[in-house]
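Chain by chain, the residues run as shown.
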Amino acid sequence: MLVCVRTCVRACVCVLPSAPLTYGQQTFLLLYLSSVFTGSYTGLLPDRNMSRAADRLRLLINHLDPSPASIVSFIPYTFETDLLTPEQRVFYEENGFLLIKNLVSEEDIDRFRKAFERICRQEVKVPGLVVMRDVAIAKSEFVPDQKAVSKLQDFQEDPELFRYCSLPQILKYVECFTGPNIMAMHTMLINKPPDAGKKTSRHPMHQDLHYFPFRPADRIVCSWTAMEKVTRQNGCLVVLPGTHQGTLQEHDYPEWEGGVNKMYHGVRGYDPQQPRVHLEMEKGDTVFFHPLLIHGSGMNQTQGFRKAISCHYASGDCYYIDVKGTTQENIENEALDIAVRKYGVEGDVHFKDVWMIRGRLVQGERLSL
Ligand SMILES: CC(C)CC(=O)SCCNC(=O)CCNC(=O)[C@H](O)C(C)(C)COP(=O)(O)OP(=O)(O)OC[C@H]1O[C@@H](n2cnc3c(N)ncnc32)[C@H](O)[C@@H]1OP(=O)(O)O
Ligand SMILES: Nc1ncnc2c1ncn2[C@@H]1O[C@H](COP(=O)(O)OP(=O)(O)OP(=O)(O)O)[C@@H](O)[C@H]1O
Ligand SMILES: O=C(O)CCC(=O)C(=O)O
Ligand SMILES: [Fe+2]
Ligand SMILES: [Mg+2]
């Protein structure tokens, strides 16, 4: 098999010019190899830096070795599971996100919406649930209505909402990023309110990994499903493609005149000139994205509440890290302050404990999380 692969790679490279490979040539080679070898060598990523791409290909051919470690180092972000097409795999490897249209049914979304409304009307009480109000109206009189709620967080104890995290069609995709043991670590239903005029409905550009004291980052993925049509107008997700290939950056509260929501940190020194992509989506469309991908969402300039439901998954064999002395120390301190108030615990509570109690196994085995 190895000889066969090597011959085939060499054959492919021989027909290509010895000069730097174009993007199209690389894509062709990649697709050809994956069709012949059912994906085992789809790690030949096209690279926008054409001479670097040629070097990488030469390196692969010279050191062709079918050990899992060498394959992983060429295809760091995804696993082969027969689900992703080579094009989808390459897209995620390159961009750090993948949008799947029409993945969650209307019926399911309507059920999640009803469950959300019951919580807003305070007809059910869910242990551990955090109900957030937008900072612009946080100090106004409490109305038990969805108009007061900007986000639900930690709905793992609500069986109806948590059904989202176990939907088989979602887990099939999640498995491509996490592998077969899957923990649902963090759940949210975001009800982005019409902006009250202070731009507080924005979510600053950030990397979700900033919030997580577990690793490795490549075995973590977010699924985010639009519960209705989301557009630039009502504050769709905005992503910076390819930023998942960078490192975790320092995060702080952005200096916004109108204020910013509690714990909405943004990457420090965000440059608004960077190329960004607005992910406009229909009801049921789902985007999967890497926890280092820089993303946020714009203002909601409509009168409706823009709804989305999401879950962060991690491989069961991810491990906790100590964030003391790292850029994550600021969010650890804030999270611990809130946890102490929420659970009434004193003293010896650690960032890791806050995550351990939220995590729920959804597939395979719970190992180290
Ligand atoms: C990957 C993922 C994790 C990324 C993200 O999701 S980033 C966002 C993460 N967000 C969170 O973790 C939620 C944080 N929020 C919360 O825990 C809660 O909503 C709290 C801010 C603690 C407020 O909850 P609670 O105490 O039940 O609410 P109260 O109405 O009694 O308000 C208590 C004091 O908090 C203030 N407050 C409420 N909501 C917000 C807000 N959105 N932004 C800023 N300040 C807020 C409120 O004005 C009140 O302040 P004082 O009157 O005590 O000065
Ligand atoms: N200083 C900043 N730090 C971090 N994130 C920011 C900063 N300024 C803007 N953003 C983020 O950039 C993204 C785009 O915001 P913006 O409100 O411009 O939305 P938009 O969809 O581009 O709207 P518009 O059509 O008005 O350009 C949002 O995620 C927003 O929170
Ligand atoms: O739905 C949104 O506006 C984005 C939310 C988000 O990125 C987050 O909460 O981490
Ligand atoms: Fe996020
Ligand atoms: Mg703008």
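- An unreviewed UniProt entry annotates the protein as Phytanoyl-CoA dioxygenase, peroxisomal originating from Amphiprion percula.
- Quoted verbatim from the Pathway (unreviewed entry) heading of the UniProt record, the comment on the protein is "Lipid metabolism; fatty acid metabolism."
- Taken from UniProt, the Sequence similarities (unreviewed entry) comment for the protein reads in full: "Belongs to the PhyH family."

1. Side note on the overall build of the protein
Right, so step 1: Across its full length, the protein carries 10 helices and 16 strands.
Right, so step 2: Taken across its 369 residues, the protein has 51% of its residues classed as buried.
Right, so step 3: When contacts within the protein are restricted to residue pairs at least 6 apart in sequence, long-range pairs at least 24 apart make up 81% of them.

2. Examining the sheet that holds strand E5 (residues 203–206)
Right, so step 1: Taken in spatial order, the four strands of this open sheet run E5-E13-E8-E11, and their pairing is antiparallel. Either end of the sheet is taken by a strand with one partner, and the two such strands are E5 and strand E11 (277–279). Neighbouring strand axes in the sheet, compared pairwise and without regard to direction, differ in orientation by 25° on average.
Right, so step 2: Strand direction decides the pairing type here: strand E8 (residues 237–239) and strand E13 (residues 295–297), joined by three bridges, are antiparallel. Of the residues in E13, the one forming a bridge with leucine 237 is serine 297.

3. Considering the coordination of the iron ion (ligand 4)
Right, so step 1: The protein atoms that coordinate the iron ion (ligand 4) are His206 (NE2), Asp208 (OD) and His295 (NE2), at distances of 2.1 to 2.2 Å.
Right, so step 2: If you list the donors of the iron ion (ligand 4) from N- to C-terminus, the spacing comes out as H-x1-D-x86-H. Here histidine 206 and aspartate 208 have matching classes, each one buried.

4. Observations regarding a nonpolar patch on the surface
Right, so step 1: Residues Tyr343, Val345 and Ile357 make up a contiguous nonpolar surface patch of roughly 240 Å² in combined accessible area.
Right, so step 2: Note that tyrosine 343 resides in helix H9 (residues 329–343).
Right, so step 3: Here tyrosine 343 falls in the partly exposed class, since its relative accessible area comes to 36%.

5. Topic: the site of ligand 2
Right, so step 1: Around ligand 2 lies a shell of 13 residues, among which His203, Met205, Arg232, Arg276 and Ser297 are the nearest.
Right, so step 2: One of the backbone nitrogen or oxygen atoms of methionine 205 is found 2.9 Å away from a nitrogen atom of ligand 2.
Right, so step 3: At 3.0 Å, a side-chain N or O of histidine 278 approaches an oxygen atom of ligand 2.
Right, so step 4: Notes on ligand 2: free accessible area 630 Å², of which the protein chains cover 75%.
Right, so step 5: Under a 2 Å grid-point criterion requiring more than half of the atoms, the pocket assigned to ligand 2 is the second largest pocket.
Right, so step 6: Those elements giving two or more residues to the shell around ligand 2 turn out to be E5 and E13.
Right, so step 7: Here the shell around ligand 2 gets three residues from one element, more than from any other, and that element is E5.
Right, so step 8: Class assignment for the residues of the shell around ligand 2 results in five nonpolar, five polar and three charged.

6. Looking at the environment of leucine 189
Right, so step 1: Inspection of the secondary structure puts leucine 189 in strand E4 (residues 182–192).
Right, so step 2: Separated by 35 residues in sequence, leucine 189 and aspartate 154 have C-alpha atoms that sit 8.9 Å apart.

7. Looking at the layout of surface pockets
Right, so step 1: What the second largest pocket holds in volume is close to 510 Å³.
Right, so step 2: Looking at the lining of the second largest pocket, the elements that each hand over two or more residues are E5, strand E10 (266–267) and E13.
Right, so step 3: Among the elements that make up the lining of the second largest pocket, the one with the highest residue count is E5 (three residues).
Right, so step 4: Looking at the lining of the second largest pocket, its residues break down into 11 nonpolar, nine polar and seven charged.

8. A short note on the nonpolar core
Right, so step 1: Leu161, Tyr164, Ile170, Phe288 and Tyr313 are the most contacted members of the largest nonpolar core, which has 39 residues in total.
Right, so step 2: Contributing elements (two or more residues each) for this core: strand E1 (97–100), helix H6 (106–120), helix H7 (159–166), helix H8 (168–178), E4 and strand E14 (306–315).
Right, so step 3: Setting aside its immediate chain neighbours within four residues, isoleucine 170 contacts Leu103, Val104, Tyr164, Ser223, Thr225, Thr286, Phe288 and Tyr313.
Right, so step 4: With 19 residues, the next largest nonpolar core counts Met185, Phe214, Leu292 and Trp355 among its residues.

9. Observations concerning the environment of serine 166
Right, so step 1: Examined against the element boundaries, serine 166 turns out to sit in helix H7.
Right, so step 2: Its relative accessible area of 33% is what places serine 166 among the partly exposed residues.
Right, so step 3: Each C-alpha atom, one on serine 166 and one on isoleucine 357, is 18 Å from the other, the two residues being 191 residues apart in sequence.
Right, so step 4: Those residues in contact with serine 166 that lie beyond four places of it in its chain are Leu171 and Val362.

10. With respect to unusual backbone geometry
Right, so step 1: Each neighbour pair has its own omega, and for arginine 215 with proline 216 the value is 0°, a cis peptide bond.
Right, so step 2: On the secondary structure map, proline 216 appears in the loop between strand E6 (214–215) and strand E7 (220–226).
Right, so step 3: Despite not being glycine, asparagine 102 has its phi angle at roughly 55°, a positive value.
Right, so step 4: Topologically, asparagine 102 is positioned in the loop between E1 and H6.
Right, so step 5: You can call asparagine 102 exposed: its relative accessible area is 61%.
Right, so step 6: One non-glycine residue, methionine 263, lies in positive phi territory at about 70°.
Right, so step 7: On the basis of relative accessible area, methionine 263 is assigned to the buried category, the value being 19%.

Procedures and definitions
- Residues numbered from 1 in each chain as written.
- Chains lettered and ligands numbered in written order.
- Predicted model: local features only at pLDDT ≥ 70, side-chain atom pairs only at ≥ 80, totals over all residues.
- Heavy atoms only, no water.
- UniProt positions renumbered as here; feature names shortened; annotations may be inferred.
- Helix = DSSP H or I, 4+ residues; strand = E, 2+ residues; numbered from the N terminus.
- Buried < 20%, exposed > 50% of the residue type's maximum accessible area, 1.4 Å probe, protein only.
- Contact = heavy atoms within 4.5 Å.
- Pairing = 2+ DSSP bridges.
- Axes fitted to C-alpha atoms, helices over the stretch in contact; angles between N-to-C directions.
- Donors = N, O, S within 2.8 Å, 3.2 Å for Na, K, Ca; no water.
- Patch = residues over 30% accessible without salt bridge, like charges linked within 9 Å, V, L, I, M, F, W, Y side chains within 5 Å.
- Areas by Shrake-Rupley, 256 points an atom, 1.4 Å probe, with all protein chains shown as cover.
- Salt bridge = Lys/Arg side-chain N within 4 Å of Asp/Glu carboxyl O.
- Near = heavy atom within 4 Å.
- Polar contact = N/O pair within 3.5 Å; in protein donor to acceptor, adjacent residues only side chain to side chain.
- 1 Å grid on protein atoms, 1.4 Å probe; cavity = no way out; pocket = protein on both sides within 12 Å on 5 of 7 lines; lining within 4 Å.
- Sits in = over half its atoms within 2 Å of the grid points.
- Nonpolar A, V, L, I, M, F, W, Y, C, P; charged D, E, K, R; others polar.
- Points joined across faces, edges and corners; volume = space filled by probe spheres on them.
- Core = buried A, V, L, I, M, F, W, Y, C linked by side-chain atoms within 4.5 Å.

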